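# Residue-level structural notes
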Amino acid sequence: MKVEAIKVYQVDLPLKEGRYSWSDGKYVEVFDCTIVEIETDQNMSGVGEVCPLGPFYLPAYGPGARTGIAELAPHLLGCNPSETGVVNLIMDQALLGHPYAKSAIDMACWDLAGKKAGSPVCDLFGGRHGDDVVLYRAISQQSADEMARNIAGYRDEGYTRFQLKVGGDPDDDIARIFATREILDNGEVLVADANTGWLMHEAARVADAVAKLDVYIEQPCKTYEECLTIRRRTARPFVLDENVDGVHMLLRAFADGAMDVINLKISKVGGLTKARQIRDLCATLGIAMTIEDSWGGDVVTAAIAHLAHSTPERFRFTSTDFNSYVTVSNASGAPRRENGRMRAGTAPGLGVELNRDALGEPVAVYS
Ligand code: MG
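Residues numbered from 1 in each chain as written. Predicted model: local features only at pLDDT ≥ 70, side-chain atom pairs only at ≥ 80, totals over all residues. Heavy atoms only, no water.

## With respect to the sheet that holds strand β11 (residues 238-240)
- Judged by pairing direction, the sheet is parallel, and its eight strands sit side by side in the order β7-β8-β9-β10-β11-β12-β13-β14 without closing on themselves. Bordering the open sheet on either side are β7 (136-139) and β14 (316-319), each of which pairs with just one other strand. Strand after strand, the sheet turns through a mean of 25 degrees between neighbouring axes, direction not considered.
- Across five bridges, strand β12 (residues 261-265) lies against strand β13 (residues 288-292) in parallel orientation. Across the sheet, residue Asn263 finds its bridge partner in β13, namely Thr290.
- Contacting β7, β8 (161-165) and β9 (189-193), helix α5 (residues 144-156) crosses the sheet at an angle of about 155 degrees to β8. (Pairing = 2+ DSSP bridges. Helix = DSSP H or I, 4+ residues; strand = E, 2+ residues; numbered from the N terminus. Axes fitted to C-alpha atoms, helices over the stretch in contact; angles between N-to-C directions. Contact = heavy atoms within 4.5 Å.)

Quick look at the structure:
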């Protein structure tokens, strides 16, 4: 199998709620998503997607993904896309860093590897654990009352795990955490994700104020060192996200006892190949994971489902179904949430078909 052409599409994904807000007043209303379609000489094509959470969440932005793909694509023409290890080596030699630009290409190669083998990606990643994957709902930053109301609504849709977007004024955040924990039952999970928004004194105040509550603290401060300081001052279970961007940081943070859970985002680490490596390492080290991506539509949701469903259940802290947050469907066949859960498809590869009406014409073709 040989790569004959790489087609790139740009798709806007507007948010159903109108706006998604998190720390420091950041928000996105329309997500800029990039779809990659790899065509081969064997009448088979593979698809991938990358969708940064705006230009100011990670060092990633929509047009940057397409510029990175333009740099990478000429190096990949003629290579065998189902040899995902070789593809990753070629990409890493051709372009230093820029993991998110590599993610959609790597995802499309796994789609092809699955189609070639006649297996869902989930099976290639070790096989299916359990019936389905439990999802969380991210609760956009608003007033404490509005966030509690949103949690109640999403709970009625079957969700049992919630991630509050905090990282604002610490007194407001303390109110947000109390108001939302109060309406949840035992066994329902609440995560307060500050998305790097607090200084250490603010994080320390919030962590102290919620010290008796059943709540996880996620990525309180900007740097790893600041987060580690807060970690050592609080007994709350602790999640690192933005700072854990690859194997080296994972191993350093593990050695420091810096977290109980990591947030593993496919594009943050450069694609499914590297996400799987980190996933397997976490399962060996005893670290649970939120398995997801920075954002996305149907293709990303399918990829998350395959990675999560092939992860032993104990290590799946939670995952999310991004295709339920947005108004545009970029592919059919992706998992759809049922009662707060989703399952990886059983068709070969990622199991999705691009929705040509939503995609329009490619913005670039490399052949
Ligand atoms: Mg996070």
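## Re the coordination of the magnesium ion
- Looking at the magnesium ion, the protein donor atoms are Asp193 (OD), Glu218 (OE) and Asp241 (OD), and they sit 2.1 to 2.3 Å from it.
- Along the chain, the residues that donate to the magnesium ion are spaced as D-x24-E-x22-D. Pair noted here: Glu218 is in strand β10 (residues 216-218) and Asp241 is in the loop between β11 and α9 (247-256), with a separation of 23 residues, a long-range link.
- With relative accessibility at 0%, the residue Asp241 sits in the buried group. (Donors = N, O, S within 2.8 Å, 3.2 Å for Na, K, Ca; no water. Buried < 20%, exposed > 50% of the residue type's maximum accessible area, 1.4 Å probe, protein only.)

## As for the nonpolar core
- Judged by nonpolar contacts, the single largest core of 92 residues is most densely connected at Ile177, Leu240, Ile262, Leu272, Trp295 and Val299.
- There are two domains that each give this core at least three residues, and those are domain 1 (3-118 + 356-366) and domain 2 (123-353).
- Leave out the neighbours within four places in its chain, and Leu272 touches Asp106, Met107, Trp110, Phe125, Ile266, Ala303, Leu307 and Leu350. (Core = buried A, V, L, I, M, F, W, Y, C linked by side-chain atoms within 4.5 Å. Domains from an automatic or database assignment.)

## Digging into the sheet that holds strand β18 (residues 364-366)
- An order of β5-β4-β1-β18 is seen for the four strands of this open sheet, with the pairing classed as antiparallel. Edge positions in the sheet fall to β5 (45-50) and β18, since each has one partner strand and no second. The mean angle between the axes of side-by-side strands here comes to 20 degrees, regardless of whether they run parallel or antiparallel.
- On top of the sheet, helix α3 (residues 99-117) reaches β4 (30-40) and β5; it is set at about 150 degrees to β5, its chief contact.
- Seen against the sheet, helix α11 (residues 298-309) touches β4 and β5 and runs at an angle of roughly 95 degrees to β5.

## A word on the environment of Val261
- Among the secondary structure elements, Val261 is positioned in strand β12.
- According to the relative accessible area criterion, Val261 is buried, its value standing at 4%.
- C-alpha separation for the pair Val261 and Val239, spaced 22 residues apart in sequence, amounts to 4.7 Å.

## Digging into the packing of aromatic side chains
- This model, assessed by the stated rule, comprises 11 aromatic pairs.
- Between the aromatic rings of Tyr20 and Trp295, the centroid separation amounts to 4.7 Å while the plane-to-plane angle is 55 degrees, which identifies the pairing as tilted. Highlighted residues: Tyr20 in strand β2 (residues 20-21) and Trp295 in the loop between β13 and α11, separated in sequence by 275 residues.
- Measuring from ring centre to ring centre gives 6.4 Å for Trp22 and Tyr57, while their planes differ by 85 degrees; the resulting arrangement is edge-to-face. Of the two residues, Trp22 sits in the loop between β2 and β3 (27-28) while Tyr57 sits in the loop between β5 and α1 (62-76), which places them 35 residues apart along the sequence. For the residue pair Trp22 and Tyr57, the accessibility class agrees, reading buried in each case.
- An aromatic cluster is present here, built from Tyr20, Trp22, Phe31, Phe56, Tyr57, Trp295, Phe322 and Tyr325 joined pairwise through their rings.
- When the ring centre of Tyr27 is taken as reference, the NZ or CZ atom of Arg19 above it lies at 3.5 Å.
- Here the basic side chain of Arg137 rests over the ring of Tyr325, its NZ or CZ set 3.6 Å away from the ring centre. (Phe/Tyr/Trp six-rings, centres within 6.5 Å; stacked < 30°, edge-to-face > 60°. Lys NZ or Arg CZ within 6 Å of the ring centre and 35° of its normal.)

## Overview of the domain arrangement of the chain
- When its domains are assigned, the chain resolves into domain 1 (3-118 + 356-366) and domain 2 (123-353).
- Taking the mean C-alpha position of each, domain 1 and domain 2 sit 22 Å from one another.
- In this complex, domain 1 contributes 43 residues to the contact, which on the side of domain 2 involves 46 residues.
- Summed over both partners, the interface of domain 1 with domain 2 buries about 3,500 Å², with 61% contributed by carbon and sulfur atoms.
- Together, Tyr20, Tyr57 and Trp110 form the three largest contributors to the area buried by domain 1 at its contact with domain 2, with a combined 17%.
- Of the charged contacts in the structure, one is a salt bridge between Lys274 and Asp92, with a shortest N-O distance of 2.6 Å.
- If you look at where domain 1 meets domain 2, you find 22 residue pairs in polar contact (both at pLDDT 80 or more).
- Elements with a minimum of two residues in the side of domain 1 that touches domain 2: β1 (3-14), β2, β4, β5, α2 (84-94), α3 and α12 (356-359).
- Here the side of domain 1 that touches domain 2 gets 12 residues from one element, more than from any other, and that element is α3.
- The residue inventory of the side of domain 1 that touches domain 2, partitioned by class, reads 24 nonpolar, eight polar and 11 charged. (Buried area = accessible area lost by both parts, 1.4 Å probe. Salt bridge = Lys/Arg side-chain N within 4 Å of Asp/Glu carboxyl O. Polar contact = N/O pair within 3.5 Å; in protein donor to acceptor, adjacent residues only side chain to side chain. Nonpolar A, V, L, I, M, F, W, Y, C, P; charged D, E, K, R; others polar.)

## A closer look at unusual backbone geometry
- Phi angles above zero are rare outside glycine, and Asp24 is one such case at about 60 degrees.
- One can find Asp24 in the loop between β2 and β3.
- Not every positive phi belongs to a glycine, and Asn339 is a case in point at roughly 55 degrees.
- Position of Asn339 relative to the elements: it lies in the loop between β15 (331-332) and β16 (341-342).

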